[in-house]
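Structure assessment
Each chain, written out:
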Amino acid sequence: EETEMDDIVKTLLDTGFTPTVNSDEDFPALEGEYGVSVKTLRPWDNKDTQQKEAYMLQLSISNTLSGETADGRLLTRFYRITGNGYDGSAITPEQAAENLKRLCNDLFTLGIELDHSSSEALEASFANAIGAVGFARAWKSKNRNDPEGALVQNFRIKVGKDLRKASTATARALF
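Residues numbered from 1 in each chain as written. Predicted model: local features only at pLDDT ≥ 70, side-chain atom pairs only at ≥ 80, totals over all residues. Heavy atoms only, no water.

**Brief notes about the pattern of salt bridges**
One pass over the full model with this rule turns up six salt bridges. Across the salt bridge formed by Glu98 and Lys101, the nearest N and O atoms sit 3.0 Å from each other. One end of the pair, Glu98, and the other, Lys101, are both in helix 2 (residues 93–109), three residues apart, so they sit about a helical turn from each other. We classify Glu98 as partly exposed; its relative accessible area is 45%. Asp162 is the partner of Lys161 in a salt bridge, and the nearest nitrogen-oxygen pair spans 3.5 Å. The class for Lys161 is exposed, based on a relative accessible area of 74%. Residue classification places Asp162 among the partly exposed positions, given a relative accessible area of 41%. (Salt bridge = Lys/Arg side-chain N within 4 Å of Asp/Glu carboxyl O. Helix = DSSP H or I, 4+ residues; strand = E, 2+ residues; numbered from the N terminus. Buried < 20%, exposed > 50% of the residue type's maximum accessible area, 1.4 Å probe, protein only.)

Below, the structure written as structure tokens:
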């Protein structure tokens, strides 16, 4: 006696179905203002060279304040300290210093002061950032290295008083 499930299986076979490997499209870039929390802050190693080349920050979006709904999405930023930049050229010591300043400023905006006394102390203080909450404004732009390609995700970490008017009312209601 055939069941409904048998009918479904037979229909699949009759249509010539063959399984294919799942593909994961990258998430499209977002625009809006969001409540965020620090999910990850750690050194990032280049898989090919096994060298530490950057620090990676991941923010988890907890609330959409305005713009495109994005609850649960991640915003990721790499602060490159060695190796090559996105354009393929070597990171200079000046660029590395600017990227470290940007990391420290981003975390300070989230209320976290990192320990600057040594690179070991800096990395040890990353643990203090996990779970820190704040706000981010996200926007899309063309990739200057691939203008015809997918839009690139940009974001800036913000303090609540700098949110746009449309976001402020939502933020007040939530926080």
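Next comes the rest of the account.
**Digging into the sheet that holds strand 2 (residues 52–67)**
One open sheet holds the five strands; their spatial order is 3-2-1-4-5, and the pairing between them is antiparallel. Taken across any chain shown, the strands that pair with only one partner, and hence form the sheet edges, are strand 3 (74–80) and strand 5 (152–158). In this sheet, adjacent strand axes meet at a mean angle of 40° when their direction is disregarded. Sheet topology places strand 2 next to strand 3; seven bridges connect them, and they run antiparallel. Residue pairing across strands places Gln58 opposite Thr76, the latter belonging to strand 3. Of the strands in this sheet, strand 1 (32–45), strand 2, strand 3 and strand 5 touch helix 2, which is tilted by about 145° from strand 3. (Pairing = 2+ DSSP bridges. Axes fitted to C-alpha atoms, helices over the stretch in contact; angles between N-to-C directions. Contact = heavy atoms within 4.5 Å.)

**Notes on the packing of aromatic side chains**
In total, this model carries two aromatic pairs according to the counting rule given. Relative to Phe78, the ring of Trp44 lies with its centre 5.3 Å away and its plane at 70°, an arrangement referred to as edge-to-face. In this pair, Trp44 sits in strand 1 while Phe78 sits in strand 3, placing the two residues 34 residues apart along the sequence. Look at Trp44 and you get buried, because its relative accessible area is 18%. Against the face of Phe155 rests Arg77, its NZ or CZ located 3.9 Å from the ring centre. (Phe/Tyr/Trp six-rings, centres within 6.5 Å; stacked < 30°, edge-to-face > 60°. Lys NZ or Arg CZ within 6 Å of the ring centre and 35° of its normal.)

**Some words on the nonpolar core**
Soluble, globular proteins show a tendency: their nonpolar side chains are buried together. Grouped together as the largest cluster of nonpolar side chains are 29 residues, with contacts concentrated most on Leu59 and Leu107. Mapped onto this core, the elements with two or more residues apiece are strand 1, strand 2, strand 3, helix 2, strand 4 (133–141) and strand 5. If we ignore the near neighbours within four places in the chain, the residues touching Leu59 are Val36, Ser37, Val38, Lys39, Arg73, Leu74, Leu75, Leu110, Phe155 and Ile157. (Core = buried A, V, L, I, M, F, W, Y, C linked by side-chain atoms within 4.5 Å.)

**With respect to a nonpolar patch on the surface**
A surface patch of nonpolar side chains, amounting to about 390 Å² of accessible area, comprises Met5, Ile8, Val9 and Leu13. Along the chain, the position of Met5 falls in helix 1 (residues 4–14). (Patch = residues over 30% accessible without salt bridge, like charges linked within 9 Å, V, L, I, M, F, W, Y side chains within 5 Å. Areas by Shrake-Rupley, 256 points an atom, 1.4 Å probe, with all protein chains shown as cover.)

**Looking at the pairing of strand 2**
Burial within strand 2 is extensive, with 13 of its 16 residues counted as buried. As paired elements, strand 1 and strand 2 share 13 bridges and run antiparallel to each other. From the neighbouring strand, Gly35 faces strand 2, where its bridge partner is Asn63. Between the end of strand 1 and the start of strand 2, which pair antiparallel, lie six residues, with Gln50 showing a positive phi angle near 60°. In sequence, strand 2 turns back onto strand 3 through a hairpin of six residues, with Gly72 there showing a positive phi of about 90°.

Spatial relationships are all this shows, so hold off on functional conclusions.
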